[in-house]
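# Topology and contacts: notes
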Amino acid sequence: DAGVIQSPRHEVTEMGQEVTLRCKPISGHNSLFWYRQTMMRGLELLIYFNNNVPIDDSGMPEDRFSAKMPNASFSTLKIQPSEPRDSAVYFCASSLEGREGAYEQYFGPGTRLTVT
Amino acid sequence: AQKITQTQPGMFVQEKEAVTLDCTYDTSDQSYGLFWYKQPSSGEMIFLIYQGSYDEQNATEGRYSLNFQKARKSANLVISASQLGDSAMYFCAMREGERSWGKLQFGAGTQVVVTP
(Lines give C-alpha, C1' and ligand atoms only; values in the text may rest on other atoms or scores of the structure.)
Protein backbone atom coordinates (compact mmCIF):
# COMPACT_ATOMS: atom_id res chain seq x y z
CA ASP A 1 0.00 0.00 0.00
CA ALA A 2 1.33 3.41 -0.87
CA GLY A 3 1.38 5.73 2.07
CA VAL A 4 0.58 9.42 2.10
CA ILE A 5 2.48 11.12 -0.68
CA GLN A 6 3.68 14.69 -0.43
CA SER A 7 5.45 16.85 -2.92
CA PRO A 8 7.81 18.51 -3.10
CA ARG A 9 9.94 17.07 -0.31
CA HIS A 10 11.99 20.24 -0.11
CA GLU A 11 11.15 23.73 -1.25
CA VAL A 12 13.31 26.81 -1.08
CA THR A 13 11.73 30.03 -2.17
CA GLU A 14 12.14 33.74 -1.81
CA MET A 15 9.94 35.90 0.33
CA GLY A 16 6.89 37.05 -1.55
CA GLN A 17 6.67 34.05 -3.82
CA GLU A 18 3.71 31.72 -3.97
CA VAL A 19 4.27 28.22 -2.62
CA THR A 20 2.04 25.22 -3.28
CA LEU A 21 2.37 22.02 -1.31
CA ARG A 22 0.66 18.87 -2.53
CA CYS A 23 -0.69 15.80 -0.85
CA LYS A 24 -2.17 12.52 -1.96
CA PRO A 25 -3.84 10.68 0.93
CA ILE A 26 -4.03 6.94 1.33
CA SER A 27 -6.64 5.51 -0.99
CA GLY A 28 -9.93 4.96 0.80
CA HIS A 29 -9.23 7.38 3.62
CA ASN A 30 -11.89 10.01 4.13
CA SER A 31 -10.08 12.55 6.31
CA LEU A 32 -7.06 14.66 5.50
CA PHE A 33 -5.02 16.91 7.76
CA TRP A 34 -2.37 19.55 7.24
CA TYR A 35 0.09 20.10 10.09
CA ARG A 36 3.04 22.42 10.48
CA GLN A 37 6.07 21.63 12.64
CA THR A 38 8.54 24.20 13.93
CA MET A 39 10.99 24.17 16.80
CA MET A 40 9.22 27.04 18.49
CA ARG A 41 5.63 25.90 18.17
CA GLY A 42 5.91 22.14 17.76
CA LEU A 43 3.25 20.35 15.72
CA GLU A 44 0.20 22.44 14.91
CA LEU A 45 -2.90 21.44 13.03
CA LEU A 46 -3.62 23.92 10.27
CA ILE A 47 -6.75 22.49 8.69
CA TYR A 48 -8.55 19.24 8.22
CA PHE A 49 -11.05 17.89 5.73
CA ASN A 50 -13.60 15.16 6.02
CA ASN A 51 -15.04 13.80 2.78
CA ASN A 52 -13.32 16.68 0.97
CA VAL A 53 -15.09 19.30 3.08
CA PRO A 54 -13.07 21.58 5.36
CA ILE A 55 -14.16 20.91 8.93
CA ASP A 56 -11.87 23.13 10.93
CA ASP A 57 -9.50 25.73 9.57
CA SER A 58 -9.00 27.60 12.81
CA GLY A 59 -5.32 26.70 12.78
CA MET A 60 -4.63 28.44 9.50
CA PRO A 61 -2.33 31.30 10.46
CA GLU A 62 -3.74 34.02 8.27
CA ASP A 63 -5.24 34.83 4.91
CA ARG A 64 -1.98 34.09 3.16
CA PHE A 65 -2.67 30.42 3.74
CA SER A 66 -5.33 28.50 1.85
CA ALA A 67 -6.08 24.82 1.41
CA LYS A 68 -8.22 22.91 -1.04
CA MET A 69 -9.33 19.37 -1.52
CA PRO A 70 -10.95 19.12 -4.94
CA ASN A 71 -11.32 15.35 -4.73
CA ALA A 72 -10.68 12.43 -2.42
CA SER A 73 -7.18 11.83 -3.70
CA PHE A 74 -5.64 15.26 -3.76
CA SER A 75 -5.14 18.31 -1.58
CA THR A 76 -3.08 21.46 -1.79
CA LEU A 77 -1.84 23.95 0.76
CA LYS A 78 -0.95 27.30 -0.72
CA ILE A 79 0.96 30.18 0.81
CA GLN A 80 0.76 33.48 -1.02
CA PRO A 81 2.82 35.54 -0.44
CA SER A 82 5.33 33.50 1.53
CA GLU A 83 7.34 34.96 4.41
CA PRO A 84 10.48 33.75 6.22
CA ARG A 85 8.41 32.87 9.29
CA ASP A 86 6.55 30.31 7.21
CA SER A 87 9.71 28.18 7.12
CA ALA A 88 8.76 24.84 8.65
CA VAL A 89 8.06 21.23 7.89
CA TYR A 90 4.54 20.77 6.59
CA PHE A 91 2.97 17.38 7.08
CA CYS A 92 -0.08 15.94 5.45
CA ALA A 93 -1.86 13.06 7.19
CA SER A 94 -4.89 10.96 6.38
CA SER A 95 -7.18 8.63 8.27
CA LEU A 96 -10.33 6.59 7.90
CA GLU A 97 -12.89 8.12 10.22
CA GLY A 98 -16.17 6.55 11.15
CA ARG A 99 -15.14 3.01 11.85
CA GLU A 100 -14.59 1.50 15.25
CA GLY A 101 -11.01 1.71 16.24
CA ALA A 102 -8.19 4.06 16.77
CA TYR A 103 -8.68 6.36 13.77
CA GLU A 104 -4.93 6.74 13.71
CA GLN A 105 -3.57 9.26 11.31
CA TYR A 106 -0.95 8.23 8.81
CA PHE A 107 1.56 10.93 8.06
CA GLY A 108 3.34 11.72 4.85
CA PRO A 109 7.10 12.33 4.78
CA GLY A 110 6.63 16.09 5.04
CA THR A 111 7.69 19.05 2.95
CA ARG A 112 10.56 21.09 4.32
CA LEU A 113 9.88 24.70 3.33
CA THR A 114 12.54 27.36 3.55
CA VAL A 115 11.60 30.93 2.75
CA THR A 116 14.57 33.28 2.37
CA ALA B 1 -3.98 26.15 27.80
CA GLN B 2 -1.67 23.24 27.17
CA LYS B 3 -3.72 20.13 26.57
CA ILE B 4 -0.85 17.66 26.40
CA THR B 5 2.18 17.93 28.66
CA GLN B 6 5.37 15.99 28.20
CA THR B 7 7.70 17.03 30.99
CA GLN B 8 10.82 15.20 29.82
CA PRO B 9 12.51 17.10 27.01
CA GLY B 10 15.14 14.37 26.62
CA MET B 11 16.44 11.19 28.11
CA PHE B 12 19.12 8.61 27.68
CA VAL B 13 18.47 4.91 28.02
CA GLN B 14 20.76 1.94 27.69
CA GLU B 15 20.10 -0.69 25.11
CA LYS B 16 17.88 -3.52 26.38
CA GLU B 17 16.57 -1.41 29.24
CA ALA B 18 12.97 -0.29 29.55
CA VAL B 19 12.06 3.39 29.38
CA THR B 20 8.94 5.26 30.41
CA LEU B 21 7.92 8.47 28.69
CA ASP B 22 5.53 10.66 30.62
CA CYS B 23 2.41 12.24 29.22
CA THR B 24 -0.38 14.04 31.04
CA TYR B 25 -3.43 15.49 29.40
CA ASP B 26 -6.18 17.91 30.14
CA THR B 27 -9.73 17.48 28.96
CA SER B 28 -13.25 17.76 30.29
CA ASP B 29 -14.61 15.38 27.68
CA GLN B 30 -15.61 11.88 28.73
CA SER B 31 -14.72 10.44 25.36
CA TYR B 32 -11.25 10.95 23.99
CA GLY B 33 -8.34 9.08 22.48
CA LEU B 34 -4.67 9.13 23.28
CA PHE B 35 -1.93 8.42 20.77
CA TRP B 36 1.82 8.06 20.70
CA TYR B 37 3.90 8.81 17.63
CA LYS B 38 7.59 8.33 16.96
CA GLN B 39 9.61 10.74 14.84
CA PRO B 40 13.10 9.48 13.97
CA SER B 41 15.77 11.81 12.67
CA SER B 42 14.58 11.15 9.13
CA GLY B 43 11.48 13.18 10.00
CA GLU B 44 8.52 10.92 9.33
CA MET B 45 5.80 10.51 11.96
CA ILE B 46 5.12 6.90 12.84
CA PHE B 47 2.00 5.84 14.75
CA LEU B 48 2.85 3.58 17.69
CA ILE B 49 -0.11 2.98 19.93
CA TYR B 50 -3.62 4.13 20.82
CA GLN B 51 -5.70 4.16 24.00
CA GLY B 52 -9.38 5.03 24.09
CA SER B 53 -10.82 6.70 27.15
CA TYR B 54 -13.30 3.86 27.62
CA ASP B 55 -10.76 1.10 27.17
CA GLU B 56 -10.37 -0.75 30.44
CA GLN B 57 -7.20 -2.54 29.47
CA ASN B 58 -3.91 -0.79 28.86
CA ALA B 59 -3.00 -0.85 25.19
CA THR B 60 -0.02 -2.90 24.04
CA GLU B 61 1.69 -3.16 20.67
CA GLY B 62 4.78 -5.33 20.65
CA ARG B 63 7.41 -3.66 22.80
CA TYR B 64 5.19 -0.63 23.36
CA SER B 65 2.66 -0.41 26.12
CA LEU B 66 0.60 2.46 27.39
CA ASN B 67 0.20 2.94 31.10
CA PHE B 68 -3.20 4.60 31.22
CA GLN B 69 -4.24 6.12 34.53
CA LYS B 70 -7.50 7.86 33.86
CA ALA B 71 -7.99 9.45 37.26
CA ARG B 72 -4.55 10.99 37.08
CA LYS B 73 -5.03 11.90 33.42
CA SER B 74 -1.79 10.29 32.44
CA ALA B 75 -0.90 8.09 29.48
CA ASN B 76 2.72 7.11 29.79
CA LEU B 77 4.45 5.14 27.06
CA VAL B 78 6.65 2.24 28.11
CA ILE B 79 9.19 0.88 25.66
CA SER B 80 10.59 -2.43 26.78
CA ALA B 81 13.97 -3.84 25.76
CA SER B 82 15.15 -0.64 24.08
CA GLN B 83 16.96 -0.92 20.78
CA LEU B 84 19.29 1.54 19.06
CA GLY B 85 16.59 2.10 16.47
CA ASP B 86 14.30 3.46 19.17
CA SER B 87 16.34 6.66 19.28
CA ALA B 88 13.85 9.29 18.17
CA MET B 89 11.49 12.02 19.25
CA TYR B 90 8.28 10.70 20.81
CA PHE B 91 5.05 12.64 20.80
CA CYS B 92 1.94 12.12 22.86
CA ALA B 93 -1.30 13.35 21.29
CA MET B 94 -4.96 13.53 22.19
CA ARG B 95 -8.20 13.70 20.31
CA GLU B 96 -11.23 14.94 22.24
CA GLY B 97 -14.90 14.34 21.82
CA GLU B 98 -17.39 11.69 20.98
CA ARG B 99 -17.46 12.61 17.32
CA SER B 100 -13.85 11.94 16.55
CA TRP B 101 -13.26 14.06 13.51
CA GLY B 102 -9.61 13.57 14.00
CA LYS B 103 -8.16 16.79 15.34
CA LEU B 104 -5.03 15.74 17.21
CA GLN B 105 -3.30 17.95 19.73
CA PHE B 106 0.34 17.13 20.28
CA GLY B 107 2.68 17.54 23.19
CA ALA B 108 6.13 19.07 22.84
CA GLY B 109 7.79 15.68 22.58
CA THR B 110 10.53 13.76 24.36
CA GLN B 111 13.86 13.06 22.68
CA VAL B 112 15.08 9.54 23.46
CA VAL B 113 18.65 8.47 22.86
CA VAL B 114 19.42 4.78 23.22
CA THR B 115 23.06 4.06 24.01
CA PRO B 116 24.94 0.78 23.51
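Residues numbered from 1 in each chain as written. Chains lettered and ligands numbered in written order. Predicted model: local features only at pLDDT ≥ 70, side-chain atom pairs only at ≥ 80, totals over all residues. Heavy atoms only, no water.

## Points about unusual backbone geometry
This is how the line gets drawn: Numbered from the N terminus, helices here are DSSP runs of H or I no shorter than four residues, and strands are runs of E no shorter than two.
Here the amide bond leading from Ser7 of chain A into Pro8 of chain A is cis, since omega sits at -10°, within 30 degrees of zero. Considering the arrangement of structural elements, one finds Pro8 of chain A in the loop between β1 (5–7) and β2 (10–13). The residue after Gln80 of chain A, namely Pro81 of chain A, is reached through a cis peptide bond having omega -10°. Looking at the element boundaries, Pro81 of chain A is found in the loop between β8 (74–79) and β9 (88–95). The backbone of Asn52 of chain A sits at a positive phi, close to 75°, despite the residue not being glycine. Its location among the elements puts Asn52 of chain A in the loop between β5 (42–50) and β6 (53–56). Phi at Lys73 of chain B takes a positive value of approximately 55°, unusual for a residue other than glycine. As for its position among the elements, Lys73 of chain B is in the loop between β8 (64–69) and β9 (74–79).

## Comments concerning the interface of chain A and chain B
What counts, and what does not: Note on contacts: a residue pair is in contact if any heavy atoms of the two residues lie within 4.5 Å. One speaks of a salt bridge when a side-chain nitrogen belonging to Lys or Arg is within 4 Å of a carboxyl oxygen belonging to Asp or Glu. Two N or O atoms form a polar contact when they lie within 3.5 Å of each other; inside protein one atom must be a possible hydrogen donor and the other a possible acceptor, and for residues adjacent in sequence the pair counts only when both atoms belong to side chains. As a working rule, the residues Ala, Val, Leu, Ile, Met, Phe, Trp, Tyr, Cys and Pro are called nonpolar, Asp, Glu, Lys and Arg charged, and the rest polar, with Gly in that last group.
Taken together, the contact pairs 17 residues of chain A with 15 residues of chain B. Here chain A and chain B share zero salt bridges between them. Summed over the shared surface of chain A and chain B, the result is two residue pairs in polar contact (both at pLDDT 80 or more). Put simply, the parts of the chain that give the side of chain A that touches chain B at least two residues each are β4 (31–38) and β5 of chain A. Looking at which element gives the most residues to the side of chain A that touches chain B, the answer is β5 of chain A, with four residues. Residue classes in the side of chain A that touches chain B are distributed as nine nonpolar, five polar and three charged.

## Some details on the nonpolar core
Residue and element names in this part refer to chain B. Defined as follows: Note on terminology: a nonpolar core comprises buried Ala, Val, Leu, Ile, Met, Phe, Trp, Tyr and Cys residues joined through side-chain atoms within 4.5 Å. Exposure is judged per residue with a 1.4 Å probe applied to protein chains only, and the accessible area is read against the type maximum: over 50% gives exposed, under 20% gives buried, and values in between give partly exposed.
Core analysis: the biggest nonpolar cluster contains 25 residues, and Leu21, Tyr25, Trp36, Ile49, Leu77 and Tyr90 have the highest contact counts within it. Mapped onto this core, the elements with two or more residues apiece are β2 (10–14), β3 (19–21), β5 (32–39), β6 (46–52), β8, β9, β10 (88–96) and β12 (110–115). Excluding residues that lie within four positions of it along the chain, Leu21 makes contacts with Gln8, Met11, Trp36, Asn76, Leu77, Tyr90, Thr110 and Val112.

Note that every value here comes from positions in space, so none of it alone points to a role or purpose.
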